[in-house]
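Given next are the chains, with one letter for each unit.
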Amino acid sequence: MVCDIGELVDSIKSIINKKFPSFDTFQDGLPHSEIRKFESEYQIKLPDEVVSYLQLVNGETPYDKENLFQLGVFLGLEMLSLDEIKREMNVWKEVVRDNPDFADDKYE
């Protein structure tokens with residue numbers, strides 16, 4: 001099943017705006033060049049759907065600016081920005097580096 005990421009993002013935005021009208025929930029999307037730079041830096045190819053998502057919205061906007069607290073639109077889980085994806089990838093690189101048992105495993 002092929003889905004249109006733009007339609008999905010619009011649907012999510014619509015639902016969130018109805019339920020939480022006072023929150024500006026999403027950050028503006030990223031230019032394609034910034035996404036490609038990330039792919040080059042991490043030597044990965046993101047799925048087309050992820051690229052489309054990041055071009056439309058770059059994660060959630062913190063609604064508690066002081067503590068950077070997100071709404072978490074999916075059962076409390078936030079939609080990640082590219083910076084948050086980088087942070088998560090770096091954490092997991094450290095986990096793999098610090099745990100030799102993981103070295104031979106392939107994670108995507």
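Keep in mind it's a predicted model, so treat the numbers as computed, not measured.

Enquirer: Is there a simple way to think about the overall build of the chain in this case?
Expert: Regarding its fold elements, the chain presents four helices and two strands. Its helices and strands taken in sequence order, the chain reads α-β-α-α-β-α from the N to the C terminus. Each of the 108 residues in the chain was classed as buried or not, and the buried ones make up 28%. Within the chain, contacts between residues separated by at least 24 positions form 57% of all contacts whose residues are at least 6 apart in sequence. Here the chain has roughly 8000 Å² of accessible surface; of this, 54% comes from carbon and sulfur atoms.

Enquirer: I keep staring at the nonpolar core and nothing clicks. Help me out?
Expert: A general trend in soluble globular proteins is that nonpolar side chains are found buried together. Of all hydrophobic cores here, the largest spans 17 residues; its most connected members are Tyr53 and Leu54. Of all elements in the fold, only α1 (5-19), α2 (32-42), α3 (48-56) and α4 (82-98) reach the threshold of two or more residues within this core. Broken down by element, the residue count for this core peaks at four residues, all from α1. The contact partners of Tyr53, leaving out residues within four places of it in the chain, are Ile5, Val9, Gly59, Met79 and Leu80.

Enquirer: Got a minute to help me understand the pattern of salt bridges in this structure?
Expert: Under the criterion given, the structure shown has four salt bridges. In this structure, Arg36 and Glu39 form a salt bridge, with 2.2 Å as the shortest nitrogen-oxygen distance. In this pair, Arg36 and Glu39 are both assigned in helix α2, three residues apart and thus about one turn of the helix distant. According to the relative accessible area criterion, Arg36 is partly exposed, its value standing at 30%.

Enquirer: Sorry, what's going on with the packing of α1 against α3 here?
Expert: Packed helices, taken two at a time, are described by the angle their axes make and the gap between the axes. Packing of α1 against α3 brings their axes to within 9 Å, and their N-to-C directions diverge by 45 degrees. When the axis of α1 is compared with that of α3, the two are oblique. For the crossing formed where α1 meets α3, the hand is right-handed. The segment α1 lies against α3, with Ile5, Gly6 and Val9 engaging Glu49, Ser52, Tyr53 and Leu56. Of the residues assigned to the contact of α1 with α3, the class counts are four nonpolar, two polar and one charged.

Enquirer: I tried to follow the confidence of the model for the chain on my own but got confused; where do I start?
Expert: The predicted structure's coordinates, where accompanied by low pLDDT, should not be read in detail. Mean pLDDT over the chain stands at 81; residues scoring 70 or higher make up 77%. The least confident element of the chain is α1, whose mean pLDDT is 86; the most confident is α2, at 95.

Enquirer: Is there a simple way to think about unusual backbone geometry in this case?
Expert: Excluding glycine, residues mostly have negative phi values, and the peptide bonds linking residues are mostly trans. The backbone of Gln43 sits at a positive phi, close to 50 degrees, despite the residue not being glycine. Among the structural elements, Gln43 can be located in the loop between α2 and α3.

Enquirer: Explain the packing of aromatic side chains here, please?
Expert: Between two aromatic rings, the relevant description is the distance of the centres plus the angle of the planes. With the rule as written, the count across this model stands at one aromatic pair. Ring geometry for Phe38 and Tyr42: centres 4.8 Å apart, planes at 40 degrees, overall tilted. With Phe38 and Tyr42 both in helix α2, this residue pair falls four residues apart, about one helical turn. Across the pair, Tyr42 and Phe38 agree in class, each one buried.

What counts, and at which threshold
Residues numbered from 1 in each chain as written. Predicted model: local features only at pLDDT ≥ 70, side-chain atom pairs only at ≥ 80, totals over all residues. Heavy atoms only, no water. Helix = DSSP H or I, 4+ residues; strand = E, 2+ residues; numbered from the N terminus. Buried < 20%, exposed > 50% of the residue type's maximum accessible area, 1.4 Å probe, protein only. Contact = heavy atoms within 4.5 Å. Areas by Shrake-Rupley, 256 points an atom, 1.4 Å probe, with all protein chains shown as cover. Core = buried A, V, L, I, M, F, W, Y, C linked by side-chain atoms within 4.5 Å. Salt bridge = Lys/Arg side-chain N within 4 Å of Asp/Glu carboxyl O. Axes fitted to C-alpha atoms, helices over the stretch in contact; angles between N-to-C directions. Parallel < 35°, antiparallel > 145°, perpendicular 65-115°, else oblique. Left-handed = near helix turned anticlockwise from the far one by under 90°. Nonpolar A, V, L, I, M, F, W, Y, C, P; charged D, E, K, R; others polar. pLDDT = per-residue confidence, 0-100. Phe/Tyr/Trp six-rings, centres within 6.5 Å; stacked < 30°, edge-to-face > 60°.

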